[in-house]
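Notes for the structure review
Each chain is listed here by its residues.
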Amino acid sequence: MGALFRSEEMNLCQIFLQSEASYACVSELGELGLVQFKDLNPDVNAFQRKFVNEIMRCDEMERKLRYIEKEMKKDEMKIPDTIENPKAPAPKEMIDLEATFEKIESELREVNTNAEALRRNFLELSELREVLKKTQVFFAEHGGHHSMIDDVQMALVHEDTGITSTTVQLGFVAGVVPREKIPVFERMMWFACRGNVFLRYEDIDQVMKDPVTGDEIFKSVFIVFYQGEQLKARVRKICEGFKAVLYPCPENSQERFEMSNGVSTRLEDLRTVLYQTEEHRRRVLASAQKEIRLWVIKVKKIKAIYHTLNLCNFDLSHNSLIAECWCPVMALEDVQMALRHGTELSGSTVPSILHRMNTKETPPTYFRTNKFTAVFQSIIHAYGVAEYQEVNPAPYTVISFPFLFAVMFGDVGHGFIMFLFGLWMIAYEKKFLAQKSDNEVWNIFFGGRYIIAMMGLFSVYTGLIYNEVFAKSVNIFGSSWIPNYDEAALEANTDLTLDPLTMFDNVTGPYPLGLDPIWLSSLNKITFTNSFKMKMSVTIGISQMILGVLLGLVNHVYFRKPLNIFCQFIPELLFLLCLFGYLVALIFYKWVSYTNHCTQCAPSLLIHFINMFLVKYQHANDGYQNASYSCETADPDITGCTSQTTFYPNQMIIQLCLVVVALLCVPTMLFIKPFVLRHRHNSMLKRRAGLTAVSQSALIHNEELDEQSGTGNGTADKEQAISDIELGSRRHLLEDNVNETPITVRSSEVKLSINGDGGEHNHAEMEDQSADDVKLEEFDFSEIFIGQAIHTIEYCLGCISHTASYLRLWALSLAHSQLSEVLWGMLFRFSLKMNIPYGGSVIIFVVFSVFAVLTVGVLLLMEGLSAFLHTLRLHWVEFQSKFYHGSGYNFDAFSFKNLQNADLDE
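It should be emphasised that the depicted structure is a prediction, and the values quoted were computed from it without experimental measurement. (Residues numbered from 1 in each chain as written. Predicted model: local features only at pLDDT ≥ 70, side-chain atom pairs only at ≥ 80, totals over all residues. Heavy atoms only, no water.)

Now for the packing of helix α11 (residues 394-409) against helix α27 (residues 808-832). Following both chains from N to C, one finds α11 and α27 inclined at 45 degrees, their axes separated by 6 Å at the closest point. The pairing of α11 with α27 is recorded here as oblique in orientation. Every residue of α27 that contacts α11 at Leu404, Val407, Met408 and Phe409 is listed here: Arg808, Leu809, Leu812, Ser813 and His816. Here the residues of the contact of α11 with α27 are counted per class, giving six nonpolar, two polar and one charged. (Axes fitted to C-alpha atoms, helices over the stretch in contact; angles between N-to-C directions. Helix = DSSP H or I, 4+ residues; strand = E, 2+ residues; numbered from the N terminus. Parallel < 35°, antiparallel > 145°, perpendicular 65-115°, else oblique. Contact = heavy atoms within 4.5 Å. Nonpolar A, V, L, I, M, F, W, Y, C, P; charged D, E, K, R; others polar.)

And the structure:
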């Protein structure tokens, strides 16, 4: 829990690697997965880095593996998963991998080229056979086997003139055309040739396949008769435009028959060759199928290693690489062990060095999580990654998130179904993880299996408190209301209204667990449950906001920001407690003080809370104005008490003091902090001016010093003053937050060389160290004041709006309860009242099916999603805004752990 409460302590380290050991050491660090490397060459182009050639070789190997994988998917060959996690191969093994991939790719490309040529030839022969077959049938149906070119003479009879006799000679072409183009092809042929051609076509029953893509294609055989060379040329042009394939067709029937037999023989031979080619292709893919997953992992590891090595600096003089990385302090020993192991594997005699560095850079944020806490941490990171070692809301979210969800979703039946669903996914999680589903909706549900189980379990608990099971109550312990009523009396009294003065049994006491089941039959059920759930929502909400403010104190103490404690935390807490904490106290006071037999003078808390700000009070009659009278003996006619009458002694004075304190907290938050920061800034400027120190940049430009600057009480006093400046600047840096502008002064950047004789300055040394000059950032008081004003207004108004926002707990709980009751009343209650012999069971079965579908689809999915989103908002806005900045960046470790299930496209 300690690691989850606050991020791991990080350290910036420098690693010195010998060139021959660098690959093995980085490989071991990748297997460890606890190091985040920094890019020491941000200005160097990716194509100008040292290991760009090796990365390009890896890209080429990935391309070849993608090609092999694509060919496997064509044959519907499944790439097997592996539990084996091979080590990154040595650099010299890249040659063997490249040769293997090149051989497989070349063999596959050659086989595919040959197979494509064979399939194209097979397609052409198949089409030719269909053309010969269809034309043979056509000629057989229209005059036997005589030649329509040489022997047929057609007598064209012109009925309009009565002229008979003319002999013509016809030619024909035959081929195939895509079936979907036949109607257009026919119309074009008719219009282009002006009806002087004779076209016949017939569909090919056999399904053809495209030789390149393998897709099914559908074609038709056509034959066109024409007269003359001009029409012949026009027909061929139209066929070319429609991409129709023309085939030679003999004019003699015997020749067509012989040609058809020859084509059939060649098709059988091609079919045999194609089968052998496909078998050889399958054998090549099957041999690669066993190793491709391991090859992918190896290539990705090699590429990741060289990418990481490109982030390092290369020292030519020592033939070594220098890397900088972030590492958790708790993992430093593991990192050293990994470096030592990598050096031993490489055979290097020079050990690798890990040097811890001091830096003012903000480290990354790293939380150690498991599969249970990871989902809650991801919810927090969706809002923003925590700043380095900022309080993490995730430990509290583990409990508060499912609880607030359950407050809105409280129902034993619905919660139990959700819990079983989450438990089922948890029980079979290894099986589901191995399946690697591509369904995004399922992956979302499966990723949140633990939070779904938690939300279901908490909903069962709140359902017991609400006493709701599928919108029905369960009477386990017996009701304390109207104990003389039996079931028949309840059924007869349809307009039952519960009155605590006359119907509640004080001897029996309240229902032991949750709400009394009699409330389900009461007409004033909603009035009672609304009051209960509204007060409960406000109490829970204010409690969570107070927790958020207290967690802000933990941050201020840890980061040593005393100014924030006195000028931010204390006023914020007082403002929240004096107003809304007081409201919660009134709720509990009313619950305790006003029992069921003491409702005559029960106060209206909302009216009293409003009158608290209006300073408007209504007192009892004389003698009872400030008296602490007994509720049981109070008579409204005597005391004059109403729902707006003060109901405890000195109420006006106490409430007035609370309002004044809350109002004083506003200027405290607004004014004190900016003016304190300005006073500190001015004090530091005065101390700096007292040293007669000047900026190094001015010295570089031959700034002349005042003559008195060299005289003084000696070097010791001035060094002590410089030390005071540094101490003040460090303290100011520790108090830096989003509303402050720091003054950065570092001891390593102060380059004032003062000798004992009068302070002569070494200008040459300062010119050499010009990059380390003292930079006093400009202090913008207006910016700080405006930022503090925004924070103050946001917090004060946020306390009001956030308290109202928590009323969504009551609203969604009421909506869920009423929707469940409506669903029950419209389906089950209606069907149970139907008195149909023999058919009643069938009706109940059908109604239950509809009820189950609507329960899962509407109440579990839609209502559950709505409650989840509202719970998300309550945590992100109402809770986390009180203490959580979320402006950090995540620890992105160099790790091989996710490569085992990685795809080539990732």
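Here we come to the pairing of strand β7 (residues 219-226). Across the eight residues that make up β7, a large majority, eight, are buried. By the alternation rule, side chains of β7 split into Lys219, Val221, Ile223 and Phe225 and Ser220, Phe222, Val224 and Tyr226, which are all buried. As paired strands, strand β3 (residues 171-178) and β7 are joined by eight bridges and run antiparallel to one another. Within β7, the residue paired with Pro178 across the bridge is Lys219. In terms of strand pairing, strand β4 (residues 198-203) meets β7 through six bridges, oriented antiparallel. Following the sheet pairing, Asp203 is matched in β7 by Ser220. (Buried < 20%, exposed > 50% of the residue type's maximum accessible area, 1.4 Å probe, protein only. Pairing = 2+ DSSP bridges.)

As a further point, take unusual backbone geometry. In this structure, Gln389 is a non-glycine residue whose phi angle is positive, near 60 degrees. Locating Gln389 in the fold gives a position in the loop between α10 (373-383) and α11. For Phe470, which is not glycine, the phi torsion reads 50 degrees and is therefore positive. Mapping Phe470 onto the fold places it in the loop between α15 (449-466) and α16 (487-492).

Here we come to the confidence of the model for the protein. The predicted coordinates of low-pLDDT regions are not to be read in fine detail. Considering every residue of the protein, the mean pLDDT works out to 82; 81% of them sit at 70 or more. Ranking the helices and strands of the protein by mean pLDDT puts helix α12 (residues 412-427) first, with 96, and helix α25 (residues 763-768) last, with 37. Here residues 145-167 scores under 50 on pLDDT; set against residues more than four positions off or in separate chains, the count is 30 contacts. Taken together, the stretch residues 696-776 has pLDDT below 50 and engages in 114 contacts with residues farther than four places along the chain or on a different chain. (pLDDT = per-residue confidence, 0-100.)

When you line up the elements, Leu656 lands in helix α22 (residues 651-690). We classify Leu656 as partly exposed; its relative accessible area is 41%. With 41 residues separating them along the chain, Leu656 and Val615 place their C-alpha atoms 7.4 Å apart. The residues contacting Leu656, other than those within four sequence positions of it, are Val615 and Tyr617.

All right, on to the sheet that holds β4 then. Taken in spatial order, the four strands line up as β4-β7-β3-β8 in an open sheet, and their pairing is antiparallel. Since the sheet does not close on itself, it has two edges, and those belong to β4 and β8 (245-247), each with one partner. The average angle at which neighbouring strand axes cross in this sheet is 25 degrees, direction not considered. Of the pairings in the sheet, the one linking β3 to β8 comprises three bridges and is antiparallel in character.

Under the defined criterion, the tally for this structure stands at 45 aromatic pairs. With a centroid separation of 5.7 Å and 35 degrees between ring planes, the pair formed by Tyr589 and Phe647 is classed as tilted. With a gap of 58 residues between them, Tyr589 in helix α19 (residues 562-593) and Phe647 in the loop between α21 (636-639) and α22 connect regions that are remote in the sequence. A residue is classified by how much of its surface remains accessible, and Tyr589, at 34% relative accessible area, is partly exposed. Members of the aromatic cluster, joined through ring pairs, are Phe421, Trp424, Phe432, Trp442, Phe445 and Phe446. One Lys or Arg, Arg6, reaches over the ring of Tyr558 and ends 3.9 Å from the middle of that ring. The ring of Phe314 carries Lys50 above its face, with NZ or CZ at 4.2 Å from the centroid. (Phe/Tyr/Trp six-rings, centres within 6.5 Å; stacked < 30°, edge-to-face > 60°. Lys NZ or Arg CZ within 6 Å of the ring centre and 35° of its normal.)

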